[in-house]
Amino acid sequence: MVSKRFALAALAGFVAIAAFACTTEKIVEVTVEREVVRTVQVEVPVEVEREVVREVEVEVPVEIEVEKEVIREVAVEVPVEVEKEVIREVEVEVPVEVEREVIREVEVEVPVEVEKEVVREVQVEVTRTVVEIATATPIPTATPLPIVAIEPAPQPNHDYGEIRVAVFNIAPGVGLGSAQAPVEAMQYWGVGEGLFAVDDDGRTVGKLALDWELASDLSMATINLREDVVFHDGFGGFTADDVVFTMNDSNANTNPTSIHGQAGDFAAIFDETVKVDDYTVQFNFTEGGFDPRWNGNFLNEQAQGTAFFSKAAHDQNGVDWLRENIVSTGPFEVVEWVQDDRAVLASVDYDHWFANPEIQTLRFTEVPEPSTRVAFLRTGDVDIADAVPLKDIRPLVESGFKAESITRSGRVHQVIFSGNYWEENHARTGEPLNRTGSGYCVHDLPWVGCNIPGKQPGDMEEARDVRWALAKAIDRELLVETILDGFGTVGSIEYVDTTASYFKDEWLIPYNPDEALEHMANTAWPTARFPIGIWTGGELGGSSGTNAELNDAIAGMWKELWPEMDLQVFKSAYSIIRPSLVGRTNTIPYAGDCDEGSTAIPFDWPHGLTETSFTRGGFGCGIEIPAIADTFKAVAIEGDPVERIRLNTELVDYLYDQMIFAGTVQVPVLTVYNPNAIAEWVGTSSAFAGSNEFENIKLVQR
């Protein structure tokens, strides 16, 4: 029997480290019928009808049957133009039922005698089936940690009106989507804005989009744009031309050379974006590619969307200029941007349509080492630090700093067993995939199951044993107690939150070294004498910090059980590994959350887009699993949330059995800031941003 507890410092000693050189949510399908009849001048006799618009908004799954009889009688004696508009809205929110009626009437004054208008409505009993939609439970924002400050935080040592932020990375400062414009500044730091955003309750609402309509056959969405939005640097107003330019430049379907962060995601669901008029655009969905997250995720500034760039700036200055200059629409504009060094933003000098920040200057500095970010906080050189290791949270709060989940989310850290490219045909087009070109089944990698007929018989089951052996060798509770300093919880597998009401205990991965040894003994590598690596990086701390510490500890656990394992923890910038993820050639187990491991993502959403061939041409997580693709397609077009949950539950059962990715812990996303500089900071729920809504920061008065 192998000991369950051991010193993590000793475990890390086993690791050969190599560096690369280079709301409860409630959803319903609602049918809205709209009758519009417009009256124009006619010869007598004439009948004038009213325009009646009824909208029913239901935030929970309900089944409603309504029968209405409407009788209208209108008589006039002279030629007349009468236009009336009646709008009735009924909003139902379980467990409270609310009915609201708003009537707006506009009449043209003409000599007319209207005898009477009779509107009679017959309402029948409505039968509702109330279903609770189980969603992930986000960490509340602005909830004080149960830690008492024993000393005050330092006073900021810079001018009032300036906020300084230490971040682990400053991305390339480009103002072109296809050149991979920095998502942090574009969406989370306030330089750009999305068509959609998230409200305080986590619901999708319009931002640059004024309103929108989804075609009944799910072939397209028509979006009406705001008309009061302007670009920075005097490049004019925001119009449909800018949306068309940005989307078609960024989308790998319309621009195969795009390296936009969502180039592949866009390609999976969007065809060409088309201008309807100056303030109306049409988003065409790919055949069979409709995704109900199209506006809640892929065009949302708090998710994986995009900011929008000026076509006028492109036409006037060209692509090369946009690669060095950022022009967008947010409440902050770029003053200076130096990749891997600093970014200086300033609040715009005009009345912004959405927000006028109290902050005058927002200065971001790249500080890769977490310990240095902490040191800058303590000296008052910076006011905010992101990706602070959880082991440093308690001492900082005791020193008077605030640590809050600004975006109300947590991340599921997991080990994805990359190289398992099991899909034979493209999930969207059905065309055969070139899997051998990715190196799949070329080498006998112990954790990779080869499902090519005639090659390596029995390999699928053997690889499954290896994956289960590695998964059961991880002591998740010890990771929470030590690396996370008691914050967070144990993890399971991607797509699920172990603290949510829908979670099943049988999805927990046991720590059982004896069974881990038995699994490995069933394979061709009973002593695990094979080379394997773990790549670390990403938003949980880059090549250092919490993510790296977790991977070092996991590697130590593996080495304790299997000393002959040739194990390396690769630490590099994301840009180093990205080409192999896009090209589907990566076979190094990938440690991170892979776009899906956020506790803020509703469970009934379709999952795993980047773990399928849907996103070929863009980012992928090193695996392509047919069951994920099939379930994604089924959930994407399913209107019943209960059925969506059932389908996703079956998928989780399958992925748990195969152990394609082994969750380890759930890491709360906490941002640390100095309360002597910042009096209040209310962010927005986000599955991806560590911090956001800098325009909402209220400064401490000096």
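Figured I'd write up the structure that's included with this text. This one's a predicted model, so the numbers in the text were calculated from it and none came from an experiment. (Residues numbered from 1 in each chain as written. Predicted model: local features only at pLDDT ≥ 70, side-chain atom pairs only at ≥ 80, totals over all residues. Heavy atoms only, no water.)

**Considering the sheet that holds strand 6 (residues 162-167)**
Spatially, 7 strands are ordered 13-14-15-6-16-26-17 in an open sheet, and the strand pairing comes out mixed. Two strands bound the open sheet, and with one partner strand each, they are strand 13 (332-338) and strand 17 (402-404). Where strand 6 meets strand 16 (residues 384-385), 2 bridges bridge the pair, whose relative direction is parallel. Bridge assignment links valine 165 to a residue of strand 16, and that residue is isoleucine 384. (Pairing = 2+ DSSP bridges. Helix = DSSP H or I, 4+ residues; strand = E, 2+ residues; numbered from the N terminus.)

**What to know about the environment of threonine 246**
If you trace the backbone, threonine 246 turns up in helix 3 (residues 240-250). Classification of threonine 246 as buried rests on a relative accessible area of 1%. Along the primary structure threonine 246 and lysine 311 are separated by 65 residues, whereas in three dimensions their C-alpha atoms are 7.8 Å apart. Among all residues touching threonine 246, those that are not within four sequence positions of it are Thr306, Ala307, Phe308 and Phe309. Of note is the side chain of threonine 246, whose polar atom sits 2.9 Å from the backbone oxygen of aspartate 242. (Buried < 20%, exposed > 50% of the residue type's maximum accessible area, 1.4 Å probe, protein only. Contact = heavy atoms within 4.5 Å. Polar contact = N/O pair within 3.5 Å; in protein donor to acceptor, adjacent residues only side chain to side chain.)

**Some remarks on the state of the cysteines**
Taken as a whole and judged by the stated rule, the model has 1 disulfide. Here cysteine 441 pairs with cysteine 450 through a disulfide, and the sulfurs are 2.1 Å apart. Here the S-S torsion is close to 125°, and the disulfide linking cysteine 441 with cysteine 450 is therefore right-handed. There is no split in this pair, since cysteine 441 and cysteine 450 are both buried. (Disulfide = S-S within 2.5 Å.)

**Looking at the nonpolar core**
Formed by 91 residues in total, the largest nonpolar core has its most connected members in Trp558 and Trp562. When residues of this core are assigned to their parent elements, the largest contribution, 7 residues, is made by helix 12 (residues 546-561). With near-sequence residues (within four places) excluded, tryptophan 562 lies in contact with Ala469, Leu470, Ala473, Ala516, Leu517, Met520, Pro526, Thr527 and Ala528. If you look at the next biggest cluster of nonpolar residues, it comprises 75 residues, including Ala179, Phe238, Phe298 and Phe332. (Core = buried A, V, L, I, M, F, W, Y, C linked by side-chain atoms within 4.5 Å.)

**Focus on the sheet that holds strand 12 (residues 280-285)**
The strand order 9-10-12-11 describes an open sheet built from 4 strands, whose pairing is antiparallel. Sheet topology places strand 9 (209-214) and strand 11 (270-277) at the edges, where each strand pairs with a single neighbour. Averaged over all neighbouring strand pairs, the angle between strand axes comes to 20°, with direction disregarded. As paired strands, strand 11 and strand 12 are joined by 5 bridges and run antiparallel to one another. Counterpart to threonine 273 in the pairing with strand 12 is phenylalanine 283. On the sheet, helix 3 packs against strand 10 (220-225), strand 11 and strand 12 and is oriented at approximately 170° with respect to strand 11. (Axes fitted to C-alpha atoms, helices over the stretch in contact; angles between N-to-C directions.)

**Focus on the packing of aromatic side chains**
In the structure shown here, the tally under the stated rule is 25 aromatic pairs. Here the aromatic rings of phenylalanine 285 and phenylalanine 290 are separated by 5.1 Å at their centres, their planes lie at 85°, and the arrangement is edge-to-face. For the residue pair phenylalanine 285 and phenylalanine 290, the accessibility class agrees, reading buried in each case. Between tryptophan 535 and tyrosine 590, the aromatic rings sit 5.3 Å apart at their centres with planes inclined by 35°, giving tilted as the arrangement. Of this pair, tryptophan 535 sits in strand 21 (residues 531-536) while tyrosine 590 sits in strand 23 (residues 590-592), and the two are 55 residues apart along the sequence. Classification of tyrosine 590 as buried rests on a relative accessible area of 8%. By way of ring pairs, the aromatic residues Phe196, Trp212, Phe266, Phe270, Phe283, Phe285, Phe290 and Trp294 are connected into one cluster. (Phe/Tyr/Trp six-rings, centres within 6.5 Å; stacked < 30°, edge-to-face > 60°.)

**Notes on helix 13 (residues 574-582)**
Within helix 13, burial applies to Ile577, Arg578, Ser580 and Leu581. Among the residues trailing helix 13, arginine 584 stands out with phi positive, at a value near 60°.

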